[in-house]
Amino acid sequence: MTSACAAGQQPAGAPTPATTTQETSAPADTPAAAPSGDVMTSDNVKHVAHVPRTAPLNGEEDFNTDLAFQGDYAYVGNFGGFAIYDISDPAKPEIVSQVACPAQQNDVTVYGDLLVLSIDEPRGGEECDSGDGQEWEGLRIFDISDKKSPKYVSAVRTDCGSHTHTMVPAGETLYVYVSSPGPEPESTTCPPPHELIQIVEIPTKSPKSAKIVAKPNIFPERQHSDLASGCHDITAYPEKKLAAAACFGDGVLLDISDPVKPKVIQQITDTENFQIWHSATFNNDATKVVFSDELGGGGQATCDSNTPNTKGADAVYDLVNGKLERRGYFKIPREQQAEENCVAHNGSLIPVPGKDIMVQSWYQGGVSIWDFTDSASPKEIGYFERPPFADGGIAGSWSAYYYNGYIYSSDIREGLDVLQINDPLTDPAKQVKMDDFNVQTQKSY
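K.L.:
With reference to specific residues and values, describe the sheet that holds strand E14 (residues 198-203).
P.N.:
Taken in spatial order, the four strands line up as E12-E13-E14-E15 in an open sheet, and their pairing is antiparallel. The strands lining the two open edges of the sheet, one partner per strand, are strand E12 (164-170) and strand E15 (211-214). Strand-to-strand twist across the sheet, computed as the mean angle between neighbouring axes with direction ignored, equals 35 degrees.

See the structure below:
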């Protein structure tokens, strides 16, 4: 869900089954902060498995992106398409299929037999073999009922494409909130103005008839970012009828009682510390929201002594009497080197009843596990990271999410990592089982 990366162009083609090699880290008794192969971990984190990128999704700019989960499967977006992994044995993930479908960024969600990809790059057309062009960008929809052979179903063109998207299920209808930056005055796909989000309706029984049903303007003339208008990320919590939107220059709390007509409850800014409001995470009882700042768009080294701890960080807000009040900031305490792009990025709750604990990616800052139960004094309790990427450039963990006892990290260049935290504080989470998980559609535990 970064803003800085340029898309790589890879040959399109039909779904391609692939095999992979699997390697595990050193034994669990590896000392804290000591290398485990080519990684470092805290003493409560174990590197369980690693699966490198493989053809056709291993080109120079075939960056791994976001993750989604369903049953025994993990879905990994990639600038070259997407991959499906069998994670029934988390210590031995296996690639089931890979679909070559190039576009930036191919952020992925799954619902029933449907998989949805975000396309934030003008293409020649809506299908995977459309090639370069300036005619189309938006959402692509696939049928994944056969995991070995996903099938393209349909697409929906959206203004300025889809940088990320958020599912809000409603019976047999799947609403998808589309977030995208813009405008680009010379573009045919992203004309001004662009002070809006877009809502796509996907009938689950007839996904070919998917269409845009609303374009609510949730921040009329209230943008504060010089970088872009529109939203970067929206997290919905349907059970609570709430959503939190990270909209570049603003954080927005929304009432989604009517999913097609979201209403603004509150809009907040932090012009002193936040540059790009990147994403949002509710705690389990929706009494807090964590907003993150992607300072530099994911391409800069901001986890160093030259950057304040309140910038490129997370801000923890308490929800008091229906209004957000900022309590504290969190940033990883491990200083990174000057060549390592590092900033707060995608993460999720670790489902520990009565506690507020999160796992989060920090690009080359690795994966951080942190506790924000005390909103004013959040602290890191575990980590995993690699040395600087040898070839330079954008690298590191794009997304890190907890799913059924394990942490899965989508590494831009290295592939899929599986981690496990063994700690009295987080061990209760191992009892929580999920049928599926799309991070931007929160469910209670």
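K.L.:
Could you give an account of the nonpolar core, with specific residues and numbers?
P.N.:
Phe69, Tyr85 and Tyr408 are the most contacted members of the largest nonpolar core, which has 20 residues in total. Elements that contribute at least two residues to this core include exactly strand E3 (45-51), strand E4 (64-70), strand E5 (73-78), strand E6 (81-86), strand E28 (397-403) and strand E30 (415-421). Sorting elements by how many residues they give to this core places E3 first, with three residues. Those residues in contact with tyrosine 85 that lie beyond four places of it in its chain are Val51, Asp72, Tyr73, Ala74, Val76, Pro93, Glu94, Ile95, Val96 and Leu416. By size, the runner-up hydrophobic cluster in this structure holds 18 residues, among which are Phe82, Ile84, Ile119 and Ala155.

K.L.:
Could you give an account of the packing of aromatic side chains, naming the residues involved and the relevant values?
P.N.:
Considering all chains together, one arrives at 16 aromatic pairs under this definition. The interplanar angle of 55 degrees and the centroid separation of 5.3 Å between the aromatic rings of phenylalanine 69 and tyrosine 408 together place this pair among those described as tilted. Of the two residues, phenylalanine 69 sits in strand E4 while tyrosine 408 sits in strand E29 (residues 406-411), which places them 339 residues apart along the sequence. For phenylalanine 69, a relative accessible area of 0% translates into the label buried. Ring pairing ties together the aromatic residues Phe69, Tyr401, Tyr403, Tyr408 and Phe437, which thus form one cluster. The ring centre of tyrosine 237 lies 5.9 Å from the NZ or CZ of lysine 240, which sits over that ring.

K.L.:
Which residues make up the environment of glutamine 337, and what are the values?
P.N.:
If you trace the backbone, glutamine 337 turns up in the loop between strand E23 (323-330) and strand E24 (347-350). Relative accessible area serves as the criterion here: at 44%, glutamine 337 is assigned to the partly exposed category. Considered as a pair, glutamine 337 and aspartate 304 are 33 residues apart in the sequence and their alpha carbons are 7.0 Å apart. With sequence-adjacent residues up to four places away left out, glutamine 337 is seen in contact with Ala301 and Pro388.

K.L.:
A description of the environment of methionine 167 should follow, citing residues and the corresponding values.
P.N.:
Considering the arrangement of structural elements, one finds methionine 167 in strand E12. Along the sequence, methionine 167 and valine 439 sit 272 residues apart, while their C-alpha atoms lie 9.7 Å from each other.

K.L.:
Account for the side chain of arginine 334, naming residues and giving values.
P.N.:
Mapped onto the elements, arginine 334 comes out in the loop between E23 and E24. For arginine 334, a relative accessible area of 13% gives the class buried. Within the structure, arginine 334 has its side chain in polar contact with the backbone oxygen of glycine 365 (distance 3.2 Å). Within the local environment of arginine 334, its side chain forms a polar contact with the side chain of glutamate 380, the two groups lying 2.9 Å apart. With residues near it in sequence (within four places) discarded, arginine 334 still touches Cys303, Gly365, Val367, Ser368, Glu380, Tyr383 and Glu385.

K.L.:
An account of the state of the cysteines is requested, with residue identities and associated values reported.
P.N.:
Within the structure shown, the criterion is met by four disulfides. Paired through a disulfide, cysteine 101 and cysteine 128 show a sulfur-sulfur distance of 2.0 Å. Between cysteine 101 and cysteine 128, the disulfide has an S-S torsion of -85 degrees and is therefore left-handed. Highlighted residues: cysteine 101 in the loop between strand E7 (94-100) and strand E8 (105-111) and cysteine 128 in the loop between strand E9 (114-119) and strand E10 (138-143), separated in sequence by 27 residues. Note on cysteine 101: relative accessible area 0%, which makes it buried.

K.L.:
Run through the pairing of strand E21 (residues 288-293), naming residues and quoting values.
P.N.:
Most of E21 is tucked away: six of the six residues are buried. Residues Lys288, Val290 and Ser292 of E21 are buried on one face, and the alternating residues Val289, Phe291 and Asp293, pointing to the opposite face, are buried as well. Taken together, the five bridges between strand E20 (residues 277-282) and E21 define a ladder with antiparallel strand orientation. Its bridge partner being in E21, serine 279 is matched across the sheet by serine 292. Linking E20 to E21, which pair antiparallel, is a turn of five residues; within it alanine 286 sits at a positive phi near 60 degrees.

Rules behind the numbers
Residues numbered from 1 in each chain as written. Predicted model: local features only at pLDDT ≥ 70, side-chain atom pairs only at ≥ 80, totals over all residues. Heavy atoms only, no water. Pairing = 2+ DSSP bridges. Helix = DSSP H or I, 4+ residues; strand = E, 2+ residues; numbered from the N terminus. Axes fitted to C-alpha atoms, helices over the stretch in contact; angles between N-to-C directions. Core = buried A, V, L, I, M, F, W, Y, C linked by side-chain atoms within 4.5 Å. Buried < 20%, exposed > 50% of the residue type's maximum accessible area, 1.4 Å probe, protein only. Contact = heavy atoms within 4.5 Å. Phe/Tyr/Trp six-rings, centres within 6.5 Å; stacked < 30°, edge-to-face > 60°. Lys NZ or Arg CZ within 6 Å of the ring centre and 35° of its normal. Polar contact = N/O pair within 3.5 Å; in protein donor to acceptor, adjacent residues only side chain to side chain. Disulfide = S-S within 2.5 Å.

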